[in-house]
Amino acid sequence: MGEPASADAVTVIEVVKNGPYRVSGPCRVVNARGEDVAARGRFVLCRCGSSSTKPFCDGTHRRIGFDGTRFTEAALEAAETYRGRRITIHDNRALCAHSGVCTDGLPGVFRLGGEPWIDADGAEAAAVIDIVRRCPSGALSVAPEGGPPASASGPLITASANGPYYVRGRVDLKAGSARPRDPARYALCRCGASKNKPFCDGTHWAIGFDEGRGRQAGMFAFPFRLKWLGLGLGALLVGATAAAFLAIEATGRSTAKGFIGPATLVSDLNLVLEALLVAGLTFGWWLAKRGNIAAHRANQTIWVLVNAVLVALIMARGMDNAALESASDLALPHLLVPWLHALLGAATVAAGLWLVLQMNGWLPRRLHVHRWKALMRATLAGYWAVAVLGVVIYYLWFLS
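Every chain is numbered on its own, with residues counted from 1 as its sequence reads. Local features in a predicted model are, by the rule used here, given only for residues with pLDDT of at least 70; side-chain atom pairs are given and counted only at 80 or more, and totals for whole chains, interfaces and linings are based on all residues. Side-chain descriptors were evaluated using all non-hydrogen atoms of the structure, hydrogens and water having been removed beforehand.

Asks: In this structure, what is going on with the pattern of salt bridges? I would like to understand it.
Replies: Opposite charge on two side chains allows them to pair when their charged atoms are near. By definition, a salt bridge exists where a carboxyl oxygen of Asp or Glu is found within 4 Å of a side-chain nitrogen of Lys or Arg. Enumeration according to the criterion identifies 10 salt bridges in this entry. Note that Asp36 and Arg28 form a salt bridge whose closest N and O atoms lie 2.7 Å from each other. Taking the shortest distance from any N to any O, the salt bridge between Arg85 and Asp121 comes out at 3.5 Å. Taken together, the positions of Arg85 in the loop between strand S5 (80–83) and strand S6 (88–91) and Asp121 in the loop between helix H2 (101–105) and helix H3 (125–134) put the pair 36 residues apart, joining distant regions of the chain. Judged by its relative accessible area of 69%, Arg85 is exposed. Its relative accessible area of 25% is what places Asp121 among the partly exposed residues. Through salt bridges with shared partners, a single ionic network connects Arg85, Arg86, Asp121 and Glu124. The helix count covers DSSP runs of H or I at least four residues long, the strand count covers runs of E at least two residues long, and both are numbered beginning at the N terminus. Residue burial is assigned from relative accessible area. The probe radius is 1.4 Å, only protein chains are included, and a residue is buried under 20% of its type maximum, exposed over 50%, and partly exposed in between.

See the structure below:
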């Protein structure tokens, strides 16, 4: 059981960069069943989701390369407003932990699948205010409040079932520029996958976070620090790709017969690497969905750079075979498709490189893309489309 809080004692949660939550001061910690968890003085709580001693940290975040970066640009103060005759409800989706308190408690007000999803006049004002105050993440608030807030017996951290830490009472959060919308009521991510770190955004539900296991599905522990391993493997793969094509050109084998069909050796290698490229980038998308952001960043960086090598050494040069004498030549499929491939490929390469620069911290903050998630999805779709067009070009040039 945590230590009793004195009148002037202050409990502090410090968010350690790419590490756990360091808690100091008197604080009670309970599990999802309301049972006290032994925690006294200073202690550290798992933030990566993969500790084998949950809710406490066991150092696994270092082995899996946990990344505590907040990727969303959503303002914590931003909220949708739903006005009724007696009260106004404010809802911030970026903070919602999907606990179900609102939808289970007042389904007539908080309507899953409804539009708008909140009807502020769907129940008595007092009932709405009571449910909103019970929202554990602070995503919901009402105006007017209708009275003083409910009192708390002291600082309390609840490790919810397969969900976030719910924090109540006088608990100061030290997380750089991040501040809770309600300093006496907020939810902290403990699955490691929230895009709104350190706050919960409900991702634990999407990835199937399991507090009963140690390292979560999709979390890979590497023998070396992931950053250096990623840089080493990336440099090796990018360098080997460039060296292979330069060697083929230097030995005069650029037009030699390939190993797939009647195409040249360079064309066959390019086709194979394009297939590996989209497979690698799709694997990176899966890593991100599982919350393994550090591995995702290293993986995407490698494949985007490999693609840049392919564009510079093969695809750009291959456009000589699609030279146009007049605009009417674009009516020919074997010329139109390569130009579509080139235009879409150029946009995709630019977007991919921009994202790599941003996710690795190599891009000035003022140049960051705010809707980065949408851009990442569009870029992955672009890579797939370019790969499909590459197969069509191969067919038109060598098989038809």
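Asks: Explain the side chain of His296 to me, please; I cannot follow it from the model alone.
Replies: With respect to the helices and strands, the residue His296 is situated in helix H7 (residues 293–318). Any pair of residues with heavy atoms lying within 4.5 Å of one another is described as a contacting pair. Setting aside residues no more than four positions away along its own chain, His296 makes contact with Gly284, Trp285, Leu287, Ala288, Met359 and Met376.

Asks: Help me understand the state of the cysteines in this model?
Replies: Here a disulfide denotes one covalent bond, and it connects the sulfur atoms of two cysteines. The criterion for a disulfide is a pair of cysteine sulfur atoms lying within 2.5 Å. Considering all chains together, one arrives at zero disulfides under this definition. Unpaired in terms of disulfides, Cys48 finds its nearest cysteine sulfur in Cys46, a separation of 3.9 Å.

Asks: Just to check I follow, could you spell out the sheet that holds strand S8 (residues 156–159) for this structure?
Replies: What holds strands together in a sheet is hydrogen bonding between their backbones, with the strands either parallel or antiparallel. Strand pairing is assigned whenever DSSP identifies at least 2 bridges connecting the two strands. Spatial ordering of the open sheet is given by S3-S8-S9-S11, a layout of four strands whose pairing is mixed. For this open sheet the edge positions go to strand S3 (28–30) and strand S11 (185–188), each flanked by a neighbour on one side alone. Adjacent strand axes in the sheet meet at a mean angle of 20° when their direction is disregarded. Strand direction decides the pairing type here: strand S9 (residues 165–168) and S11, joined by four bridges, are antiparallel. Counted as the bridge partner of Tyr166 is Ala187 from S11. For helices, the axis comes from a line fit to the C-alpha atoms of the stretch in contact; other axes are also lines fit to C-alpha atoms, and the angle between any two N-to-C directions lies between 0 and 180 degrees.

Asks: Please clarify how the sheet that holds strand S1 (residues 11–15) should be interpreted in this entry.
Replies: As summarised here, the arrangement of the four strands in space is S4-S2-S1-S10, forming an open sheet in which the pairing is mixed. Edge positions in the sheet fall to strand S4 (43–45) and strand S10 (171–174), since each has one partner strand and no second. The sheet shows a mean angle of 25° between the axes of neighbouring strands, taken without regard to direction. With four bridges connecting them, S1 and strand S2 (residues 21–24) associate as antiparallel partners. Among the inter-strand pairings, Glu14 is bridged to a residue of S2, identified as Arg22.

Asks: Which parts of the structure should I look at to understand the packing of aromatic side chains?
Replies: Given two aromatic rings, their pairing is described by the distance between the two centres and the angle made by the two planes. Any pair of Phe, Tyr and Trp rings, taking the six-membered ring for Trp, is counted once the centres come within 6.5 Å. Such a pair is stacked with planes under 30 degrees apart, edge-to-face with planes over 60 apart, and tilted for the rest. Applying the stated rule across the entire model yields six aromatic pairs. Here Phe110 and Trp117 contribute two aromatic rings whose centre-to-centre distance is 5.7 Å and whose plane-to-plane angle is 50°, an arrangement assigned as tilted. Of the two residues, Phe110 and Trp117, both sit in the buried class. Centre to centre, the rings of Phe283 and Trp286 are 6.0 Å apart; their planes meet at 20°, and the pair counts as stacked. One end of the pair, Phe283, and the other, Trp286, are both in helix H6 (residues 265–289), three residues apart, so they sit about a helical turn from each other. Owing to a relative accessible area of 37%, Phe283 belongs among the partly exposed residues under this scheme.

Asks: Would you mind showing me how to read H3 here?
Replies: Quick reminder: α-helices carry 3.6 residues per turn. Residues three or four places apart thus point the same way. All buried positions along H3 are accounted for by Ala125, Val128, Ile129, Ile131 and Val132. An end-on view of H3 places all buried positions within 165° of arc, on one side of the element. Arc definition: it is the arc formed by the directions from the helix axis to the C-beta atoms.

Asks: How do you make sense of a positive patch on the surface when you look at a structure like this?
Replies: Where like charges cluster on the molecular surface, the positive patch consists of Arg62, Arg63, Arg213 and Arg215. Assignment of secondary structure puts Arg62 in helix H1 (residues 60–63). Arg62 sits in the exposed class, given a relative accessible area of 58%. Residues forming no salt bridge and having over 30% relative accessible area are the ones grouped into patches, like charges within 9 Å of each other and nonpolar side chains (Val, Leu, Ile, Met, Phe, Trp, Tyr) within 5 Å. Accessible surface area values rest on a Shrake-Rupley calculation with a 1.4 Å probe, where residue burial reflects the displayed protein chains alone. Neither His nor the chain ends contribute to the count of charged residues, in which Lys and Arg are positive and Asp and Glu negative. Lysine's charge is taken at NZ, arginine's at CZ, aspartate's at CG and glutamate's at CD.

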